[in-house]
Amino acid sequence: MKCAGDRVVQLPIVLQALDGHVPNRTPLWMMRQAGRYLPEYRELRAKAGDFLTLCYTPDYAVEVTLQPIRRFGFDAAILFSDILVVPHALGCSLSFEAGEGPRLSTVTSTSDLKGLREELDSSKIDRVLEAVSRIRADLPHETALLGFCGAPWTVATYMIAGRGTPDQAPARLASLRDPVFFEALIDRLVEASAQYLIGQLKAGADAVQIFDSWAGVLDPESFRRWSIRPMARIVSAVRAVIPDARIIAFPKGASVSGLTELVKETGVNGVGLDWTIDRAELRYALGAKCALQGNLDPLTLIAGGEELDRAIDALMEDFRGAAHIFNLGHGIRPETPIAHVERMIARVRG
């Protein structure tokens, strides 16, 4: 709780859960909740003309971030941006091709790495931070604002391949063939990502999430080396500046043992869970060590109906008594019917 004059102000329930408490109702937000499943997003995207303009224009980024809050009243807003803002601000060229995803200039050698900037380009980052500040000012007090970045491993996979690939073989091969170069790339991304998250928290984000979308392709030792340890360094660097920073890690595809090790090594406040995790095993392993976020299958949300109700009820029961933040096990898909989102919210909130 905070005091404002003689008035006691309750922390947003998402932050209560991240602080290890069990709120009086389950907090709810969705990954990619600001996006293509919303007609108001598609209208603004057409007006902006291209995706990067949408990300780097504060007026647009603020509006897109607030759209799902206005429509659904989620308990958290997450900054509208992209994990590839960091390599872009380090000097990689970046574009988004319709139907094909991002395209970057590749970084595959030590000489390529030396060609990047040492510091993030403020002309890009400052526009994102302006959006953070304005979003926080426009949000109701009870709605938490989440910032984010991509984890070094996941961002490195795009930088090496120049695009997304099915099994991240280019990055995995680079880490095996030239571990000195790959370690240096991860180091650069650790430093840049920590500074980026510090900037977001100072601008008004209440918490930040680190997305390691491709953690699931790593074997256990590689997961420790390229996912856990870099994230632990980011958390340490952020908390050296902001000691009480609330941080969520989302290593998609990680095992229960991997998540347990990650929480122990990083000290994050919460972990995002994909839909494949065994919830009972996870609760037994992690206990009350951190908040648990997730993990409805996005396809179940698309299917809707009684199966959606059943899945929500089972999920809520499995996390009863835990510091739990209801979410999807990954991002909401563009084809998701809005009526199904409304049904999910009503079911979670009872």
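Throughout, residues of each chain are indexed from 1 in the direction in which the sequence is written. Per-residue local features of the predicted model are confined to residues with pLDDT of at least 70, and side-chain atom pairs are confined, for both listing and counting, to 80 or more; whole-chain, interface and lining totals are unaffected and use all residues. Heavy atoms throughout the structure, all of them, feed into the side-chain values; hydrogens and water do not.

### Examining unusual backbone geometry
For clarity, the cut-off: What counts as a helix is a DSSP run of H or I of at least four residues, what counts as a strand is a run of E of at least two, and both are numbered from the N terminus. Relative accessibility decides the category of a residue: with a 1.4 Å probe and only protein chains considered, values under 20% of the type maximum give buried, values over 50% give exposed, and everything between is partly exposed.
Omega for the bond connecting Gly294 with Asn295 falls within 30 degrees of zero, at -5°, which places this linkage in the cis form. Structurally, Asn295 can be placed in strand β10 (residues 291-296). Despite not being glycine, Arg32 shows a phi value in the positive range, around 60°. With relative accessibility at 54%, the residue Arg32 sits in the exposed group. Despite not being glycine, Gln168 has its phi angle at roughly 55°, a positive value. Mapped onto the elements of the fold, Gln168 is located in the loop between α8 (152-161) and α9 (169-177).

### What to know about the packing of helix α11 (residues 220-241) against helix α12 (residues 256-266)
Spelled out, the test is: Between the N-to-C directions of two axes lies an angle of 0 to 180 degrees, each axis being a line fitted to C-alpha atoms and, for a helix, fitted only over the stretch in contact. The labels follow the angle: roughly parallel below 35 degrees, roughly antiparallel above 145, roughly perpendicular from 65 to 115, and oblique for the rest. Working rule for handedness: look at the near helix, and if it is turned counterclockwise from the far one by less than a right angle, call the crossing left-handed; if clockwise, right-handed. Whether two residues touch is decided by their heavy atoms; if any such pair falls within 4.5 Å, the residues are in contact.
The contact between α11 and α12 brings their axes to 9 Å, and the two run at 30°. Taken together, the axis directions place α11 and α12 in an arrangement best described as roughly parallel. Crossing angle aside, the handedness with which α11 passes α12 is right-handed. Residues Phe223, Arg224, Ile228, Met231, Ala232, Val235 and Arg239 of α11 lie in contact with α12, whose contacting residues are Gly258, Glu261, Leu262, Glu265 and Thr266.

### A look at the nonpolar core
Test applied: Among the buried residues, those of types Ala, Val, Leu, Ile, Met, Phe, Trp, Tyr and Cys that are joined through side-chain atoms within 4.5 Å form a nonpolar core.
In this structure, Phe74, Phe182, Val271, Leu296, Val341 and Met344 are the most contacted members of the largest nonpolar core, which totals 132 residues. Discounting residues that sit within four places of it in the chain, Val271 has contacts with Ile248, Ala249, Leu259, Leu262, Val263, Leu286, Cys290, Ala291, Leu292 and Gln293.

### Structural notes on the sheet that holds strand β11 (residues 324-328)
Here is the rule: Strands are labelled as partners when DSSP assigns at least two bridges between them.
If you walk across this open sheet you meet the 7 strands as β3-β6-β7-β8-β9-β10-β11, and the pairing is parallel. The open sheet has two free edges, formed respectively by β3 (76-78) and β11, since each of these has just one partner strand. The average angle at which neighbouring strand axes cross in this sheet is 25°, direction not considered. By the bridge criterion, 3 bridges tie strand β9 (residues 270-272) to β10 in an arrangement that is parallel. From the neighbouring strand, Gly272 faces β10, where its bridge partner is Gln293.

### Some remarks on the packing of aromatic side chains
For clarity, the cut-off: Paired rings are identified among Phe, Tyr and Trp, the last through its six-membered ring, by centres lying within 6.5 Å, and are further divided according to the angle between planes into stacked (under 30 degrees), edge-to-face (over 60) and tilted (the rest).
On inspection of all chains with the given rule, the structure shows 9 aromatic pairs. Through a chain of ring-to-ring contacts, three or more aromatic side chains come together here, namely Tyr41, Phe51, Phe80 and Phe96.

### Quick notes on the pattern of salt bridges
Rules: The term salt bridge refers to a side-chain nitrogen of Lys or Arg lying within 4 Å of a carboxyl oxygen of Asp or Glu.
Evaluation of the coordinates by the stated rule reveals 21 salt bridges. Between Asp187 and Arg233 there is a salt bridge, with its nearest N and O atoms 2.9 Å apart. In this pair, Asp187 sits in helix α10 (residues 179-203) while Arg233 sits in helix α11, placing the two residues 46 residues apart along the sequence. Look at Asp187 and you get partly exposed, because its relative accessible area is 26%. With a closest N to O distance of 2.8 Å, Arg320 and Glu317 form a salt bridge. Residue Glu317 is classed as partly exposed on the basis of its relative accessible area of 45%.

### Topic: the confidence of the model for the chain
Quick note on the threshold: pLDDT is a per-residue confidence score from the predictor, ranging from 0 to 100.
Residues of the chain with pLDDT of at least 70 account for 97%, and the chain-wide mean is 96. Residue range residues 3-8 is modelled with pLDDT below 50. Its contacts to residues more than four positions away, or to other chains, number 4 contacts.

### Focus: the pairing of strand β4 (residues 94-97)
Side-chain direction in a regular strand flips from residue to residue, so the side chains alternate between the two faces of the sheet. In the sheet, β4 pairs with strand β5 (residues 101-104) via 4 bridges, with the strands oriented antiparallel. By the bridge assignment, Phe96 is partnered in β5 with Pro102. The hairpin turn running from β4 into β5, its antiparallel successor, is 3 residues long, and Gly99 in that turn takes a positive phi close to 80°.

### So, the packing of α8 against α9
What counts here: Under the scheme applied, nonpolar residues are Ala, Val, Leu, Ile, Met, Phe, Trp, Tyr, Cys and Pro; charged residues are Asp, Glu, Lys and Arg; polar residues are all the others, including Gly.
In the contact formed by α8 and α9, the axes pass within 8 Å of each other and the chain directions differ by 100°. The angle between α8 and α9 places the two elements in the roughly perpendicular class. Taking contact as the criterion, the partners of Trp153, Thr157, Ile160 and Ala161 in α8 are, on α9, Pro170, Ala171, Arg172 and Ala174. Taken together, the residues of the contact of α8 with α9 sort by class into 6 nonpolar, 1 polar and 1 charged.

### Thoughts on the environment of Ala89
By the secondary structure assignment, Ala89 is in helix α5 (residues 85-89). Considered as a pair, Ala89 and Leu139 are 50 residues apart in the sequence and their alpha carbons are 27 Å apart. Excluding residues within four positions of it along the chain, Ala89 makes contact with Arg117, Glu119, Leu120, Asp121, Lys124 and Ile125.

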